[in-house]
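# Chains, contacts and geometry: an overview
Letter by letter, the chains look like this.
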Amino acid sequence: MNTTRQRPRAILRIHFHPAERTDELYGKLLTVLDGISSRVEPLPADWSAYVDLTGALTYWGRDTDGLVAVLRLRLLALHGVPSSAGAGPTRSIAAMAADVTLPGCATVVRDDPYEIAAFLRTKPASALPGIGPKTAKTLARYDITSVGDIADTQLPTLQRILGTTAARQAHDRARGIDERTVVPAAAPRTISASRRFDRDELDPDQHHRAVLGLVQDLGRRLRTSGEITQALTLTVTYADRTQTTRTRPLAEPTAHTPALTAAARFLLTGLGLQRARVPTLAVRAERLRPAEDTVHQLTLDQRDDKIRRLETALDKAATRFGSGVAGAASTFLRVG
């Protein structure tokens, strides 16, 4: 009879809360995580990461609580960055634990059936990863409102409500079963541009012009490096040093300035900064890929072709005379 006990699993979901966000800082924070465990999966869009601590527990001679505390202390000591963390035996439990954790704190769910059940069962159904607001409303019509209700519902019944795949996934995760692993990877490449005003800027028109210039700069840099971006992120820093960050996926990966401008305008308009005092604006191109991967949809719009030729000419001018070549931003303001 095999009496060997499988070692407890420990997966961490950690969120970083720096005063200012830069690509360089995010990379340094990942290096701190890698110093604890080599199994780190970056999630740069929301400044977080998954870390598999299972093997590191034995190496460092600590339990999950102790190792999470060491990691968070290193982030603070080395880079002055506070963090919040959730840990558990699966990815979904770690994510749920992180979601209920305040900045500067940690929540650890140990690999114990009773502790797992106690943590999961009282949570609302919408807290379970994979259950969105619409699905939660559908379940509520059948009086299934908590994670415990999902776990207690017979799988065939759940399948009639949600479908086979979604029901199986929800049923497993509600009972603490999630075989997904942490996939080590380097942080997806990004590029960013920022504008710091001479004083806290209240004028929405100045916000708009600044973002327009940043997007134009990003587009030129993407085309020069032969890359395309799949999403655009806008970060606004306010006078009290708090920040708001919003990300918008692009309809298709691109380095085309008008497409980037449209996404940036959407993000900026959605923030409603009419009365905000803004010292700094930053725009980041996310999840870069080689430009040869793009598929440009052919159209009969001759204006689009003219804009792309104009982009090429402006890129050459910027390379020769500098990125402040006159008239470039106003050109895209009219045609974007």
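The sections below set out a description of the structure shown in this document. All values derive from a computational prediction rather than experimental measurement.

This part is about the overall build of the protein chain. Within the protein chain, the secondary structure is distributed over 13 helices and 10 strands. Among the 336 residues that make up the protein chain, the fraction classed as buried is 44%. Sequence-distant contacts, at least 24 apart, represent 67% of the contacts inside the protein chain between residues at least 6 apart. Accessible surface for the protein chain amounts to roughly 17,900 Å². Of this, 52% is attributable to carbon and sulfur atoms.

With that settled, the discussion passes to empty space enclosed by the protein. A full pass over the atoms with the stated rule returns one cavity of 30 Å³ or more. Of the pockets and cavities examined, the largest cavity occupies roughly 40 Å³. When contributions to the lining of the largest cavity are tallied by element, the ones reaching two or more residues are helix H10 (204–225) and helix H11 (257–271). Broken down by element, the residue count for the lining of the largest cavity peaks at four residues, all from H11.

Consecutive side chains of a regular strand alternate in pointing toward one face of the sheet and then the other. Taken together, the eight bridges between strand E7 (residues 227–237) and strand E8 (residues 243–254) define a ladder with antiparallel strand orientation. Each residue of the ladder has a partner; that of Thr-237, found in E8, is Gln-243. In this antiparallel pair of consecutive strands, E7 and E8, the connection spans five residues, and Arg-241 shows a positive phi of 75°.

This paragraph deals with the packing of aromatic side chains. Scanning all chains against the criterion turns up three aromatic pairs. Centre to centre, the rings of Phe-16 and Tyr-26 are 6.0 Å apart; their planes meet at 75°, and the pair counts as edge-to-face. With Phe-16 in strand E1 (residues 11–16) and Tyr-26 in helix H1 (residues 23–36), the pair connects residues that are 10 residues apart, well separated along the chain. Judged by its relative accessible area of 1%, Phe-16 is buried. Seen from their ring centres, Tyr-59 and Trp-60 are 5.5 Å apart, and the 80° between their planes marks the pair as edge-to-face. Classification of Tyr-59 by relative accessible area gives exposed; the value is 70%. With a relative accessible area of 28%, Trp-60 lands in the partly exposed category. In this structure an aromatic cluster arises from ring pairing among Phe-16, Tyr-26 and Trp-47. Positioned over the ring face of Tyr-50 is Arg-13, at 4.8 Å from the centre of the ring. Seen from the ring of Phe-266, Arg-248 lies directly overhead, with NZ or CZ sitting 3.7 Å from the centre.

A word on helix H3 (residues 64–79). Spanning 16 residues, H3 covers 22 Å between terminal C-alpha atoms, matching the ideal 22 Å at 1.5 Å per step. The set of residues buried in H3 consists of Thr-64, Gly-66, Leu-67, Val-68, Val-70, Leu-71, Arg-72 and Leu-75. Packed against the buried residues of H3 are E1, H1, helix H2 (54–60), strand E4 (83–88) and strand E5 (106–108). Gly-80 lies just past H3 and shows a positive phi near 65°.

Turning to the nonpolar core, a few remarks are in order. Grouped together as the largest cluster of nonpolar side chains are 29 residues, with contacts concentrated most on Leu-232, Leu-234 and Leu-281. Residue contacts for Leu-281: discarding those within four places in its chain leaves Ala-193, Ser-194, Arg-195, Phe-197, His-207, Ala-210, Val-211, Leu-214, Leu-234, Thr-235 and Val-236.

Under the counting rule described, the total for this entry stands at 14 salt bridges. The salt bridge involving Arg-221 is made with Asp-217; its shortest N-O contact spans 3.4 Å. Of this pair, Arg-221 and Asp-217 both sit in helix H10, four residues apart, roughly one helical turn. Residue Asp-217 is classed as partly exposed on the basis of its relative accessible area, which comes to 22%. Through salt bridges with shared partners, a single ionic network connects Asp-65, Arg-110 and Glu-115.

Its place among the elements puts Ser-37 in the loop between H1 and strand E2 (40–43). At 2.7 Å, the side chain of Ser-37 forms a polar contact with the backbone oxygen of Asp-52. In contact with Ser-37, not counting residues within four places along its chain, are Val-51, Asp-52, Leu-53 and Ala-56.

Let's shift gears to the environment of Thr-22. On the secondary structure map, Thr-22 appears in the loop between E1 and H1. When the C-alpha atoms of Thr-22 and Ala-282 are compared, they prove to be 9.2 Å apart, with 260 residues separating the residues in sequence.

Our focus in this paragraph is the packing of H1 against H3. For the pair H1 and H3, the least separation of the axes is 10 Å and the interaxial angle reads 145°. Handedness of the H1/H3 crossing: right-handed. Listed contacts from H3 to Leu-25, Lys-28, Leu-29, Val-32, Leu-33, Gly-35 and Ile-36 of H1 are Leu-67, Val-70, Leu-71, Arg-74, Leu-75, Leu-78 and His-79. Looking at the contact of H1 with H3, its residues break down into 10 nonpolar, two polar and two charged.

It is worth spelling out the packing of helix H4 (residues 91–99) against helix H5 (residues 113–121) at this point. One can describe the packing of H4 onto H5 by two numbers: an axis separation of 11 Å at closest approach and a directional angle of 55°. As summarised for this structure, H4 and H5 are arranged oblique, according to the angle between their axes. Classified by chirality, the crossing of H5 by H4 is left-handed. Residues Ile-93, Met-96 and Ala-97 of H4 form the contact with H5, whose participating residues are Ile-116, Phe-119 and Leu-120. For the contact of H4 with H5, a count of residues per class yields six nonpolar, no polar and no charged.

Rules behind the numbers
- Residues numbered from 1 in each chain as written.
- Predicted model: local features only at pLDDT ≥ 70, side-chain atom pairs only at ≥ 80, totals over all residues.
- Heavy atoms only, no water.
- Helix = DSSP H or I, 4+ residues; strand = E, 2+ residues; numbered from the N terminus.
- Buried < 20%, exposed > 50% of the residue type's maximum accessible area, 1.4 Å probe, protein only.
- Contact = heavy atoms within 4.5 Å.
- Areas by Shrake-Rupley, 256 points an atom, 1.4 Å probe, with all protein chains shown as cover.
- 1 Å grid on protein atoms, 1.4 Å probe; cavity = no way out; pocket = protein on both sides within 12 Å on 5 of 7 lines; lining within 4 Å.
- Points joined across faces, edges and corners; volume = space filled by probe spheres on them.
- Pairing = 2+ DSSP bridges.
- Phe/Tyr/Trp six-rings, centres within 6.5 Å; stacked < 30°, edge-to-face > 60°.
- Lys NZ or Arg CZ within 6 Å of the ring centre and 35° of its normal.
- Expected span 1.5 Å × (residues − 1).
- Core = buried A, V, L, I, M, F, W, Y, C linked by side-chain atoms within 4.5 Å.
- Salt bridge = Lys/Arg side-chain N within 4 Å of Asp/Glu carboxyl O.
- Polar contact = N/O pair within 3.5 Å; in protein donor to acceptor, adjacent residues only side chain to side chain.
- Axes fitted to C-alpha atoms, helices over the stretch in contact; angles between N-to-C directions.
- Left-handed = near helix turned anticlockwise from the far one by under 90°.
- Nonpolar A, V, L, I, M, F, W, Y, C, P; charged D, E, K, R; others polar.
- Parallel < 35°, antiparallel > 145°, perpendicular 65-115°, else oblique.

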